[in-house]
Amino acid sequence: MDSSIHRMSVQQVLDHPVVPEEQKLALRCFLKSWYGKDAQGGWMRSQHGSKDAAALLASSFTCYPMGNRHLPCGGRLVDCPSELSAEAAVDPFRILMCGYGRKHCGRGNQCRRCALDRIDLAWSEFLPAWTKAKHWCAMVFGMDRRAEHAGIHQGDGTLDPETASVPVYQPFAGRANGAFSLHSGSELEYMVDATRNAFFDTAKKICQKGILGGAFVHHELAFSFWSGVSHYDGSHIRHRMEPHLNLLVNAPQPLDLKVIKEIYRVLCYCLRRRLPPDCRWSYPDLWFAPVLAKAGMASWLGYMLKMWRFDLWYQEALNHRCSRRELNLCFDEIVFLNGYRLAHPKGATRRYGNLRLNPKNPEACIALQIPDPMTQEQIKLCKDESYAAAHPDLVDAMFFWLEKRRKRRGHSRDDSETEY
Ligand SMILES: [Zn+2]
């Protein structure tokens, strides 16, 4: 957006002539739900930063011809530049209208409601496994440019990697810091992909070696902005992208420092295999904290699968004295276009070991299998009692998805019996 407005201010966004009417309309629809007196409105207001994120989204991509969305032929986005097709970038209209007409946008990285959906599904899948494995642990694999800092860090027990952690093993101390930081330009895409693949390789390998029983992992990107001459586009806004892998793991033995060091060794090995020497710009970093209660597991899954906090990234950029006009010019491209492409949202979540269903040995999987969503046809068939009696799996699936649908509409678990 070519303007110096504060994009988290709803009023400034709604008043700005460059913001397309369609996106203003979507923002008004969002606000209508946000101010709603019902359970959904209450939930939306309780989500810190959701209104800021909505205003930021509504003012995104204003310099592109998004007005071409609805063409007389009924097509969408066909006249837009190819990189801005609905599948290649974040579609602000679709996300702000999430839930209208009972259609969900499915963009868990940018939509809080859809992030909650994926968290809720992960709770259904993994919380029943809590008693079936012994030693659960939260982990994050990441990269750090600072040689003194990179290594193994132990969490303080709050299961939040952003709180202070204790450095326990810093093998690169004394070496030179990495000279460059990773930006989101397509010329560095291969490095982002190689790092991501190395993280996945590590999770797979440590399960195969029997160090871990199983792992559920989610790849995530984070951005930070500060002022200075950019190595990405020559503007006065520098940015850094931080790919990292969030893991929930279980192990047959307690995860003491000896075992964690072994995992770190495998991480270094996998990164070396994927990244050629001239691409090793930073050092591997591993954060871990044991999960001691089922409630801790639930909150860690929520942290792992949270939506991107681009409202915080924008605010921190302003705190770092970025010029608002220049930040507005580059923010959408970096976060909503490049970030969306580099995150590979469809392949970001994986399961290994005893948390993955192996069709040849289904008993070995300790997680609950989420049934496939039902078709209308199947739901109709299940209403017939004799058919339902012959297909108990389908009936279970129907109740599972009915419960999920009720939750989406803001019902609590307690009133489920009165309404059917
Ligand atoms: Zn959504």
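Per-chain numbering applies: the sequence of each chain, read as written, is numbered from 1 onward. Per-residue local features of the predicted model are confined to residues with pLDDT of at least 70, and side-chain atom pairs are confined, for both listing and counting, to 80 or more; whole-chain, interface and lining totals are unaffected and use all residues.

Draft legend 1. Layout of unusual backbone geometry. Backbone geometry places arginine 321, a non-glycine residue, at a positive phi of 65°. Tracing the sequence through the fold places arginine 321 in the loop between α10 (310-319) and α11 (324-343). The phi dihedral of histidine 344 falls on the positive side, at around 45°, and the residue is not glycine. Strands are runs of DSSP state E lasting at least two residues, helices are runs of H or I lasting at least four, and both sets are numbered from the N terminus onward. Inspection of the secondary structure assignment puts histidine 344 in the loop between α11 and β7 (349-353).

Draft legend 2. Region of the structure containing the pairing of strand β4 (residues 214-227). Exposure criterion: with C-beta atoms placed from backbone coordinates, a residue whose C-beta has 20 or more other C-beta atoms within 10 Å is buried, one with 12 or fewer is exposed, and one in between is partly exposed. Taking burial as the measure, the 14 residues of β4 include 10 buried ones, the bulk of the element. Here the rule is simple: two strands pair whenever DSSP picks up at least two bridges between them. Bridge count for β4 against strand β5 (residues 237-251) is 14 bridges, and the pairing is antiparallel. Residue pairing for β5: alanine 215 is matched across the bridge by valine 249.

Draft legend 3. Seen up close, the pairing of β5. In terms of residue burial, β5 counts as a mostly covered element, since 13 of its 15 residues are buried. Here 7 bridges tie strand β1 (residues 135-144) to β5, and the two strands are oriented antiparallel to one another. When the sheet's bridge partners are listed, cysteine 137 is paired in β5 with valine 249.

Draft legend 4. Broad picture of the environment of histidine 149. Position of histidine 149 among the secondary structure elements: in the loop between β1 and β2 (152-154). C-beta crowding within 10 Å serves as the criterion here: with 15 such atoms nearby, histidine 149 is assigned to the partly exposed category. Between the C-alpha atom of histidine 149 and that of tryptophan 287, which follows or precedes it by 138 residues, the distance is 12 Å.

Draft legend 5. Summary view of the sheet that holds β1. Strand order in the open sheet made by the 7 strands is β3-β2-β6-β1-β5-β4-β7, with mixed pairing throughout. Unpaired on one side and paired on the other, β3 (166-169) and β7 mark the two borders of the sheet. Geometrically, the sheet is characterised by an average inter-axis angle of 25° between neighbouring strands, direction not taken into account. What counts as a contact is two residues whose backbone-derived C-beta atoms lie within 7 Å of each other. Here an angle of 0 to 180 degrees is reported between the N-to-C directions of two axes, which are lines fitted to C-alpha atoms, with helices fitted over the stretch in contact. Contacting β1, β2, β3, β5 and β6 (283-291), helix α8 (residues 257-274) crosses the sheet at an angle of about 145° to β6. Running at roughly 160° to β4, α11 makes contact with β4 and β5 of the sheet.

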